[in-house]
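A closer look at the structure
What follows is each chain in one-letter form.
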Amino acid sequence: MDRIDRRILHELQQDGRLTNAELATRVDLTPSPCLRRVRQLEQDGVIRGYRALLDGAALGRGFQPFVTIVMRHEDQQTVSEFERRVADLPEVVEAHRLFGDPDYLLRIAVADIAAYERFITDVLSGLPGIAQVNSHLTMKQVKADRGIPTSVNRPRPTA
């Protein structure tokens, strides 16, 4: 992967709806080689897909707490069943298995705190192997996901 591929990735992370012609202009290529590079990045699995970023509040899912889970039982069958069931829950928009304690970090998207309480009580607490569920409510989002850095060079802080 060279500098041009990294620029292509950067531009597509900023705006996945760029036309090939617009993208080619931004990375100083003609459209044909630009398209070949994009297709190769897709084929290699570097670009895994494209999607729209949605406003949770506009969809009635503006309350998005993080949840940490500590497992009581971590045998293979319990963990597999827990992970399978978590993956099937539409309210869980992200799920990560962690090293150490806690065992899992989830991001939940529901309408409000009442919906969240129902989800925790009626759904999440009933999953296998759970010993403890902790809620983490965000005060504000300091930095949104802007994509994965495509450059190996970090900007130097200014004094």
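Our structure is the block above this text.
Below you will find a few notes about this structure. (Residues numbered from 1 in each chain as written. Predicted model: local features only at pLDDT ≥ 70, side-chain atom pairs only at ≥ 80, totals over all residues. Heavy atoms only, no water.)

1. Overview of the environment of Asp44
Rule in force here: Helix numbering and strand numbering both begin at the N terminus, where a helix is a DSSP run of H or I of at least 4 residues and a strand a DSSP run of E of at least 2. Contacts described as polar in this section are N or O atom pairs within 3.5 Å, which, within protein, must combine one atom able to donate a hydrogen with one able to accept it, while residues neighboring in sequence count only if both atoms come from side chains.
Summarising the element assignment, Asp44 is placed in the loop between α3 (31–43) and β1 (66–71). A distance of 2.8 Å separates the side chain of Asp44 from the side chain of Gln40, its partner in a polar contact.

2. Here we look at the sheet that holds strand β3 (residues 104–108)
Let me state the cut-off plainly: In this scheme, strands are said to pair when DSSP sees at least two bridges between them. Axis geometry follows a simple rule: fit a line to the C-alpha atoms, using only the stretch in contact for helices, then measure angles between N-to-C directions, giving values from 0 to 180 degrees.
Strand order in the open sheet formed by four strands is β2-β3-β1-β4, with antiparallel pairing between adjacent strands. The open sheet terminates on both sides in strands that have one partner only, identified here as β2 (92–97) and β4 (130–136). Each neighbouring strand pair of the sheet contributes to a mean axis angle of 20°, computed without reference to strand direction. In this sheet, β3 lies alongside β2 in antiparallel orientation, the contact comprising five bridges.

3. Examining the environment of Arg37
Rules: Accessible area is worked out with a 1.4 Å probe on protein chains only. A residue is then buried under 20% of its type maximum, exposed over 50%, and partly exposed in between. Contacts were defined at the residue level, with two residues in contact if any of their heavy atoms lie within 4.5 Å.
Along the polypeptide, Arg37 turns up in helix α3. For Arg37, a relative accessible area of 23% translates into the label partly exposed. Remark: the alpha-carbon pair of Arg37 and Ala58, spanning 21 residues in sequence, is separated by 36 Å. Apart from residues lying up to four places away in sequence, Arg37 is in contact with Asp2, Ile4, Asp5, Ile8 and Leu29.

4. Quick look at the nonpolar core
Note the threshold: By convention a nonpolar core is built from buried Ala, Val, Leu, Ile, Met, Phe, Trp, Tyr and Cys residues, the set being connected through side-chain atoms within 4.5 Å.
Val67, Ile69, Phe82, Leu106, Ile108 and Leu124 are the most contacted members of the largest nonpolar core, which has 19 residues in total. Going through the elements one at a time, β1, α4 (76–87), β3 and α5 (113–122) are the ones with two or more residues in this core. If one sorts the elements of this core by residue count, α5 sits on top with four residues. The contacts of Ile69, once residues within four sequence positions are left out, are Phe82, Pro102, Asp103, Tyr104, Leu106, Leu124, Ile130, Gln132 and Val133. Counting 12 residues, the second-largest nonpolar core is a separate cluster that includes Ile4, Leu18, Val27 and Leu41.

5. Considering unusual backbone geometry
For the bond running from Asp101 to Pro102, omega is 5°, close enough to zero to count as cis. When you line up the elements, Pro102 lands in the loop between β2 and β3.

6. Details of α3
The cut-off we apply is this: By this rule the span expected of a helix is its residue count minus one, scaled by 1.5 Å.
The end-to-end C-alpha distance of α3 is 18 Å, a good match for the 18 Å that 13 residues give at a rise of 1.5 Å each. The secondary structure elements touched by the buried residues of α3 are α1 (3–14) and α2 (20–26). Positive backbone phi, approximately 85°, marks Gly45, located one or two places after α3.

7. Examining the side chain of Thr150
If you trace the backbone, Thr150 turns up in the segment after β4. Classification of Thr150 by relative accessible area gives buried; the value is 14%. When near neighbours in sequence (up to four residues on either side) are disregarded, Thr150 contacts Arg6, Leu9, His10 and Gln13.

8. Points about the pattern of salt bridges
Short version of the rule: Think of a salt bridge as a Lys or Arg side-chain nitrogen and an Asp or Glu carboxyl oxygen that are within 4 Å of each other.
A complete count under the given rule lists 10 salt bridges for this structure. Here Arg37 makes a salt bridge to Asp2, at a shortest N to O gap of 2.8 Å. Residue Arg37 is found in helix α3, and its partner Asp2 is found in the segment before α1; the two are separated by 35 residues along the sequence. A relative accessible area of 33% places Asp2 in the partly exposed class. Between Arg37 and Asp5 there is a salt bridge; the shortest N-O distance is 2.8 Å. In this pair, Arg37 sits in helix α3 while Asp5 sits in helix α1, placing the two residues 32 residues apart along the sequence. Residue Asp5 is classed as buried on the basis of its relative accessible area, which comes to 12%. A network of salt bridges, in which partner residues are shared, links Asp2, Asp5 and Arg37.

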